[in-house]
Amino acid sequence: MSRVTTLERIAAFTPDRSVPIEDLGERLGLGKYVVRMFRNLHGFDQVRDDPAIDVFALVAAAGERIVKELPDPGVVKYVLYAHTVLDVTPSTIDAADVIRQALGLPDAEAFAVTQQHCASGLAAIDVAGELLRADDDPDARALVLTGEKPVTARFRVVNNTTILGEASTACLVSAGGTGDVVRSYATKTQVLLSDGVYLAEDLVKEFNDNYVAFLAEAVTKALDRAGVTLDDITMLVPHNVSKLLWQRTLDEIGVARSKAFFDNIARYSHCCCADPFLNYATLRDEGRLTDGGLYLLTSVGLGATYAAMVIEHRGGR
């Protein structure tokens, strides 16, 4: 158990401005029946959307909550910015580096993790752990950041299945430190769907047809690697893509709906890579995490990557 990946601190930020999906739908030219489908079937209610906050301020807002609590911010050796949309800034701007500077971490190495789209956040945690284990410095830490702004209609509404909102998260990662322990991480990749939101209609159907089974496969792999079963899981902490899709998935893998956290689907809608950490932080802030409890975090990225991670809560903040 020495040098295992641990999440020492987790912070989440959502803009104060909240917009009903009906207002968003009118702005995007969605029909009233489409909006009704999003509300009644997929479970969406509000979207956080603040045009006064740019992507740098959005992501830095979560990161600052962790960095300001560190006695020595210099322990942060890596800054990993995980995002869904491949180009969150023009090609001449390195978003990860801009955010690193905004957080006052001049000596940290900053880079992006994005090829797994919405599953990139969980991938970045795994990458951070591997980097820290390869270092000789037990005091070194990595800061994994998520957050982006869906600036076009194509990225705001995806495949008539999900609506994207704004949120950011930050995770302080160590190898062998204190905090919540990453017990396992697993993925399932469907390589034929690499066009993401630009998928042809026949491939969108293939993605939807395989979604539940492939996510269940990733979940099973993560449980096996953690040496646990679904009965051992305290709570499923899903991404907020759709309540309807999740109900189908829970039926497939045999999890009671009472063991899954859906509250933030209505509150925030789908917030790309931020979802699992945003939901986990909400459970913590509401006093709903159990010391020693096992939490199954999931995410699916168009492309398509199905990811699952088992975390043991040990009092991390």
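Small disclaimer: the values here were computed from a predicted structure and weren't measured.

Turning to the overall build of the protein, a few remarks are in order. Scanning the protein for helices and strands turns up 10 helices and 13 strands. For the protein, the C-alpha radius of gyration of 18 Å lies close to 20 Å, the compact-globule estimate for 317 residues. The long-range share in the protein, meaning contacts at least 24 apart out of those at least 6 apart in sequence, stands at 79%. For the protein, the accessible area works out to roughly 13100 Å², and carbon and sulfur atoms hold 48% of it. Of the charged side chains in the protein, 31 are positive and 43 negative, and the gap between their average positions amounts to 4 Å.

Now for the nonpolar core. Ranked by internal contacts, the top residues of the largest apolar core, which has 44 residues, are Ile 163, Tyr 211, Tyr 306 and Val 310. Of all the secondary-structure elements, those providing two or more residues to this core are α1 (21-28), α2 (32-40), β7 (157-158), α7 (201-226), α8 (243-253), β12 (294-301) and β13 (305-312). By residue number, the principal contributor to this core is α7, which donates 11 residues. Among all residues touching Tyr 306, those that are not within four sequence positions of it are Ala 186, Thr 187, Lys 188, Gln 190, Phe 207, Asn 210, Tyr 211, Phe 214, Leu 215, Ala 218, Ser 299 and Val 300.

The next subject is the packing of α1 against α2. Closest axis-to-axis distance for the α1/α2 pair is 10 Å, and the angle between their directions is 145°. The hand of the α1/α2 crossing is right-handed. Residue-level inspection shows Ile 21, Glu 22 and Gly 25 of α1 in contact with α2, the latter providing Val 35, Phe 38 and Arg 39. Of the residues that constitute the contact of α1 with α2, the class distribution is three nonpolar, one polar and two charged.

Quick look at unusual backbone geometry now. Unlike most non-glycine residues, His 117 shows phi in positive territory, near 50°. Residue placement: His 117 occurs in the loop between β5 (109-113) and α5 (120-134). On the basis of relative accessible area, His 117 is assigned to the buried category, the value being 14%. Phi at Cys 272 takes a positive value of approximately 50°, unusual for a residue other than glycine. Mapped onto the elements of the fold, Cys 272 is located in the loop between α9 (263-268) and α10 (275-285).

Sheet strands pair via backbone hydrogen bonds, and the direction of the pair is either parallel or antiparallel. Read from one edge to the other, the open sheet built from nine strands follows the order β5-β4-β6-β9-β1-β10-β13-β12-β11, with strand pairing classed as mixed. The open sheet is flanked by β5 and β11 (235-237), the only strands paired with a single partner. Across the sheet, the mean angle from the axis of one strand to that of its neighbour is 25°, orientation sign disregarded. Looking at chain direction, β11 and β12 are connected through three bridges and run parallel. Its bridge partner lying in β12, Leu 236 is registered against Leu 296.

Further remarks concern α8. Quick reminder: α-helices carry 3.6 residues per turn. Residues three or four places apart thus point the same way. Those residues of α8 that sit buried are Leu 245, Trp 246, Thr 249, Leu 250 and Ile 253. When α8 is viewed along its axis, its buried side chains cluster within an angular range of 135° and face the same direction. Here α8 starts with a cap whose side-chain oxygen sits 3.2 Å from the backbone nitrogen of Leu 244, and that cap is Ser 242. Downstream of α8 by a residue or two, Gly 254 has a phi angle that is positive, lying close to 80°.

Within the element layout of this structure, Cys 273 appears in the loop between α9 and α10. Take Cys 273: its relative accessible area is 1%, and that puts it in the buried class. Taking the C-alpha atoms as reference points, Cys 273 and Asp 87, 186 residues apart in sequence, are found 14 Å from one another. Contacts of Cys 273, omitting those with residues within four sequence positions, involve Ala 82, His 83, Thr 84, His 117, Cys 118, Ser 120, Gly 121, Thr 146 and Glu 148.

What follows concerns α10. Taking burial as the measure, the 11 residues of α10 include nine buried ones, the bulk of the element. Among all positions in α10, only Asp 275, Pro 276, Phe 277, Leu 278, Asn 279, Tyr 280, Ala 281, Thr 282 and Leu 283 are buried. Just beyond α10, the residue with positive phi is Gly 287, at close to 70°.

This part takes up the pattern of salt bridges. One pass over the structure, following the stated rule, counts 19 salt bridges. Note that Glu 217 is salt-bridged to Lys 188, the shortest N-O span being 3.8 Å. One end of the pair, Glu 217, is in helix α7; the other, Lys 188, is in strand β10 (residues 180-189), with 29 residues separating them in the sequence. Judged by relative accessible area, which is 34%, Glu 217 ranks as partly exposed.

Calculation rules
Residues numbered from 1 in each chain as written. Predicted model: local features only at pLDDT ≥ 70, side-chain atom pairs only at ≥ 80, totals over all residues. Heavy atoms only, no water. Helix = DSSP H or I, 4+ residues; strand = E, 2+ residues; numbered from the N terminus. Rg over C-alpha atoms; globule rule 2.2 N^0.38 Å. Contact = heavy atoms within 4.5 Å. Areas by Shrake-Rupley, 256 points an atom, 1.4 Å probe, with all protein chains shown as cover. Lys, Arg positive; Asp, Glu negative; His and termini not counted. Charge placed at Lys NZ, Arg CZ, Asp CG, Glu CD. Core = buried A, V, L, I, M, F, W, Y, C linked by side-chain atoms within 4.5 Å. Buried < 20%, exposed > 50% of the residue type's maximum accessible area, 1.4 Å probe, protein only. Axes fitted to C-alpha atoms, helices over the stretch in contact; angles between N-to-C directions. Left-handed = near helix turned anticlockwise from the far one by under 90°. Nonpolar A, V, L, I, M, F, W, Y, C, P; charged D, E, K, R; others polar. Pairing = 2+ DSSP bridges. Arc of directions from axis to C-beta. Polar contact = N/O pair within 3.5 Å; in protein donor to acceptor, adjacent residues only side chain to side chain. Salt bridge = Lys/Arg side-chain N within 4 Å of Asp/Glu carboxyl O.

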